[in-house]
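# Understanding the architecture of this molecule
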Amino acid sequence: MTATLLLARHGETIWHAENRYAGSSDIPLTDRGRAQARTLGRWAAAHPVDAIWTSPLSRAIDTAAPACAALALTPHREPALAECDFGVQEGRTLAEYAERDPAAARAFVRDPVAHPFPRSENPASAADRGAATLRRIAGAHPGGRVLVVAHNTLLRLTLCALLSIPLGEYRRVFPKLRNTALTELRVGPEGRAALLSLNVPATG
C-alpha cells in the first residue's frame, strides 16, 4: 500500500528571517514562526493525519506541537530528519560567504553538491539519509497520511533523491520550501515516490 507524506518546513526563525544558514544549530522560532505553527495546527485539525514525525531540533518540534495537540498525537522524533550541518556557514549568509571567498561561493551556486561549504555534511549523504528515512516512515504507515516536519535543504535534497532529479540541481528545481507550506508526496511499497503538490500554504 502507498502512504501519503505531507512534508512541512518548520516555522520562521531569527536566522531564517535574515537568510542565515541555521543547519544543525538549534535556533528557536520567531513570533511569526510560532504563528505559522498555530496555522499548521489548524490545518491539521481540518485535515487529520495518522501520525506526525519531526526533526529533533526545537524549531521543528515546536512547529509540530500545535498539530500534535489538535490531533492528540505524540510526535515521533527522528534524528535522521535533522537539517544538514553547514559547517563554516552555520549562522552566516551566502553574501558573507561570497565576501570571504568569491570563487568558492560562485562554485557553490553552480553546483552546491560538488562544491559544498567547508566542513559541512556531504550533501549526497544527507540526501541518502533523508530518502531512506521517508521511505521508512512510509513503510511504517501503509495507506496512511503522515505529517513530517523537517528542514529546507534536507527536504529539497531528499525530494531530488526520491524523484530521480540530479542532486546538484536542488537549489534550481526547488528554490525554497516556504515555512510550514505543505509538499505532498506519495510513496509506494517499493519506495517509489510521486510528487503530488509543492509549497501549498497550510490553511485552517
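Keep in mind the model is a prediction, meaning the values are calculated, not measured.

## A short note on the pairing of strand β4 (residues 145-150)
- Most of β4 sits inside the fold, with five of its six residues counted as buried.
- Pairing of strand β1 (residues 3-9) with β4, which is carried by six bridges, proceeds in the parallel orientation. Looking at the pairing, L5 lines up with V146 of β4.
- Relative to β4, strand β2 (residues 51-54) runs parallel, the two being bridged by four bridges. By the bridge assignment for β4, T54 is matched with V149.

## Considering the packing of helix α2 (residues 31-46) against helix α3 (residues 58-71)
- Taken N-terminus to C-terminus, the directions of α2 and α3 make an angle of 30 degrees; their axes are 7 Å apart at the nearest point. Here α2 is positioned roughly parallel relative to α3, judged by the angle of their axes. Between α2 and α3 lies a crossing of right-handed hand. Packed against α2, whose contacting residues are A37, R38, L40, G41, A44 and A45, the element α3 presents D62, T63, P66, A67, A70 and L71 at the interface.
- Tallied by class, the residues present in the contact of α2 with α3 amount to eight nonpolar, two polar and two charged.

## Digging into the packing of aromatic side chains
- Scanning all chains against the criterion turns up five aromatic pairs.
- Between Y21 and F86 the ring centres are 4.8 Å apart and the planes differ by 65 degrees, which places this aromatic pair in the edge-to-face class. Here F86 lies in the loop between β3 (76-77) and α4 (94-100) and Y21 lies in the loop between α1 (14-17) and α2, a separation of 65 residues in the sequence.
- Between the aromatic rings of Y21 and F117, the centroid separation amounts to 5.0 Å while the plane-to-plane angle is 75 degrees, which identifies the pairing as edge-to-face. Here Y21 is found in the loop between α1 and α2, whereas its partner F117 is found in the loop between α5 (102-110) and α6 (123-140), with 96 residues between them in sequence. Across the pair, F117 and Y21 agree in class, each one buried.
- Grouping aromatic residues by their ring pairs yields a cluster made of Y21, F86, Y97, F108 and F117.

## A few points about the environment of A193
- When you line up the elements, A193 lands in strand β6 (residues 193-200).
- Put simply, A193 and L162 are 31 residues apart on the chain and 5.9 Å apart in space, counted from C-alpha to C-alpha.

## Describing the sheet that holds β1
- Strand order across the open sheet formed by six strands is β3-β2-β4-β1-β5-β6, with mixed pairing between neighbours. Two strands lie at the open edges of the sheet, namely β3 and β6, each paired on one side alone.
- Together, β1, β2, β4 and β5 (182-187) form the strand contacts of α6, whose direction differs from that of β1 by roughly 135 degrees.

Cut-off values and rules
Residues numbered from 1 in each chain as written. Predicted model: local features only at pLDDT ≥ 70, side-chain atom pairs only at ≥ 80, totals over all residues. Heavy atoms only, no water. Buried < 20%, exposed > 50% of the residue type's maximum accessible area, 1.4 Å probe, protein only. Helix = DSSP H or I, 4+ residues; strand = E, 2+ residues; numbered from the N terminus. Pairing = 2+ DSSP bridges. Axes fitted to C-alpha atoms, helices over the stretch in contact; angles between N-to-C directions. Parallel < 35°, antiparallel > 145°, perpendicular 65-115°, else oblique. Left-handed = near helix turned anticlockwise from the far one by under 90°. Contact = heavy atoms within 4.5 Å. Nonpolar A, V, L, I, M, F, W, Y, C, P; charged D, E, K, R; others polar. Phe/Tyr/Trp six-rings, centres within 6.5 Å; stacked < 30°, edge-to-face > 60°.

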